[in-house]
Amino acid sequence: MKNVITILGLGFLAISQAKAQRVTIGPEAGLSITNQVTRLDGDRLESDPKLGLKLGGVVDIRLNRMVSLQPGMFFVQKGSKQEYIDYKTIGGVSYREMERFDTRLNYMEIPLNLQLYFGNRRSGYFFMGAGPYVAVALNGREDYRFERRLSADGNRGLIDSRSDSYDLEIGDRAADDDIKSGDAGMNFNMGFMTRHGFFMRGNLGVGMSNILPGGDSDYRQHNVGGSVTMGFLFGN
């Protein structure tokens, strides 16, 4: 993560030294769909993606007609859904047990992308870009549900169920915390912007940091996912 912070620092230094042709700023918002890739002793644990919000804005610093630097700041909801099924036989009776974990993590994320534009001002621009991001975990919550059924197909015969919901502890202490306070990775994006400054963007974010406190090479979890957003650059 220190390397990514250094990259961001160098990027902002380049911004301060660059002679920009035009600087525009504006809001950007949309939906995110993310997952958490978890590996335990070399095996990947299956999980399903989770829908969330992405809210924030960007500064577009046009270096020339085709290239710009674009830092931003976003509130991003990330997370995943995991479900585990087990079959047990007790006293000659077969049971189906289900455990479901629904995890939500809220981050403040700062990307720094290098953007390339293709087209012209009158007809609009297609754009694509990439760059690093760093993020700070604000808070998190996990919903848990357990069910035990007599039926092997799991559609009837409910004999036990319970649920719980609790806040996740954010920090870097392996013994006390659930999720690390920081994350870092790479962004890749593409989209279209009209001559008036309205734009639509698709973004892919790949986390490169292990977000598990006390995690190691055999126990790792990374945030991955994408978003679809719309925005507007004032003064474009």
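As a starting point, this report considers the structure included with it. What you see is a predicted model, and the numbers here were worked out from it, not measured in a lab. (Residues numbered from 1 in each chain as written. Predicted model: local features only at pLDDT ≥ 70, side-chain atom pairs only at ≥ 80, totals over all residues. Heavy atoms only, no water.)

**Some thoughts on a negative patch on the surface**
Consideration 1: Together, Asp41, Asp43, Asp216 and Asp218 line one region of the surface with negative charge.
Consideration 2: By secondary structure assignment, the location of aspartate 216 is in the loop between strand S9 (198–207) and strand S10 (219–232).
Consideration 3: Here aspartate 216 falls in the partly exposed class, since its relative accessible area comes to 40%. (Patch = residues over 30% accessible without salt bridge, like charges linked within 9 Å, V, L, I, M, F, W, Y side chains within 5 Å. Areas by Shrake-Rupley, 256 points an atom, 1.4 Å probe, with all protein chains shown as cover. Salt bridge = Lys/Arg side-chain N within 4 Å of Asp/Glu carboxyl O. Lys, Arg positive; Asp, Glu negative; His and termini not counted. Charge placed at Lys NZ, Arg CZ, Asp CG, Glu CD. Helix = DSSP H or I, 4+ residues; strand = E, 2+ residues; numbered from the N terminus. Buried < 20%, exposed > 50% of the residue type's maximum accessible area, 1.4 Å probe, protein only.)

**Some remarks on the pattern of salt bridges**
Consideration 1: Scanning the model with the defined rule gives 13 salt bridges in all.
Consideration 2: For glutamate 109, the salt bridge goes to lysine 78, with nearest N and O atoms at 2.9 Å. Note that glutamate 109 is positioned in strand S5 (residues 93–120) and lysine 78 in strand S4 (residues 67–90), a separation of 31 residues in sequence.
Consideration 3: The class for glutamate 109 is buried, based on a relative accessible area of 5%.
Consideration 4: Arginine 173 is the salt-bridge partner of aspartate 177, the closest N and O atoms lying 3.2 Å from each other.

**Digging into the packing of aromatic side chains**
Consideration 1: Taken as a whole and assessed by the stated rule, the structure comprises 8 aromatic pairs.
Consideration 2: Their ring planes at 50° and their centres at 5.1 Å tell us that phenylalanine 101 and tyrosine 144 sit as a pair that is tilted. Separated by 43 residues along the polypeptide, phenylalanine 101 in strand S5 and tyrosine 144 in strand S6 (residues 124–149) bring together distant segments of the chain.
Consideration 3: In this structure, lysine 78 packs its charged tip against the face of tyrosine 107, placed 5.2 Å from the ring centre.
Consideration 4: Seen from the ring of phenylalanine 146, arginine 162 lies directly overhead, with NZ or CZ sitting 4.2 Å from the centre. (Phe/Tyr/Trp six-rings, centres within 6.5 Å; stacked < 30°, edge-to-face > 60°. Lys NZ or Arg CZ within 6 Å of the ring centre and 35° of its normal.)

**Let's talk about the nonpolar core**
Soluble, globular proteins show a tendency: their nonpolar side chains are buried together.
Consideration 1: Of all hydrophobic cores here, the largest spans 9 residues; its members are Val58, Phe74, Val76, Tyr117, Tyr125, Phe127, Met193, Phe199 and Leu233.
Consideration 2: Looking at this core, the elements that each hand over two or more residues are S4 and S6.
Consideration 3: With sequence-adjacent residues up to four places away left out, tyrosine 117 is seen in contact with Asp60, Arg62, Arg65, Met66, Ser68, Gln70, Tyr125, Phe126, Phe127 and Met193.
Consideration 4: Grouped together as the second largest cluster of nonpolar side chains are 8 residues, Tyr133, Ala137, Leu168 and Ile179 included. (Core = buried A, V, L, I, M, F, W, Y, C linked by side-chain atoms within 4.5 Å. Contact = heavy atoms within 4.5 Å.)

**A word on the environment of leucine 158**
Consideration 1: The residue leucine 158 is located in strand S7 (residues 158–167) in this model.
Consideration 2: Judged by relative accessible area, which is 42%, leucine 158 ranks as partly exposed.
Consideration 3: The spacing of leucine 158 and arginine 148 is 10 residues in sequence and 6.1 Å in space, taken between C-alpha atoms.
Consideration 4: When sequence neighbours within four positions are dropped, the list of residues in contact with leucine 158 reads Glu147, Arg148 and Arg149.

**Remarks on the pairing of S6**
Consideration 1: When S5 meets S6, the two strands line up antiparallel, connected through 23 bridges. Bridge pairing links arginine 100 to arginine 145 in S6.
Consideration 2: Taking the residues between adjacent antiparallel strands as the criterion, S5 and S6 are bridged by 3 residues.
Consideration 3: Inspection of the sheet shows S6 paired to strand S8 (residues 182–193) by 12 bridges, in the antiparallel sense. Among the inter-strand pairings, glycine 129 is bridged to a residue of S8, identified as asparagine 189. (Pairing = 2+ DSSP bridges.)

**Some thoughts on the environment of aspartate 183**
Consideration 1: In this structure, aspartate 183 sits in strand S8.
Consideration 2: The class for aspartate 183 is buried, based on a relative accessible area of 0%.
Consideration 3: A sequence separation of 47 residues divides aspartate 183 from valine 136, and the C-alpha atoms of the two residues are 6.4 Å apart.
Consideration 4: Polar side-chain contacts of aspartate 183 include one of 3.2 Å to the side chain of asparagine 223. (Polar contact = N/O pair within 3.5 Å; in protein donor to acceptor, adjacent residues only side chain to side chain.)

**Quick notes on the environment of asparagine 35**
Consideration 1: Relative to the helices and strands, asparagine 35 resides in strand S1 (residues 22–40).
Consideration 2: Once the C-alpha coordinates of asparagine 35 and glycine 226 are considered, the two residues, 191 residues apart in sequence, prove to be 9.2 Å apart.
Consideration 3: If we ignore the near neighbours within four places in the chain, the residues touching asparagine 35 are Ser47, Asp48, Pro49, Gly79, Ser80, His222, Asn223 and Val224.

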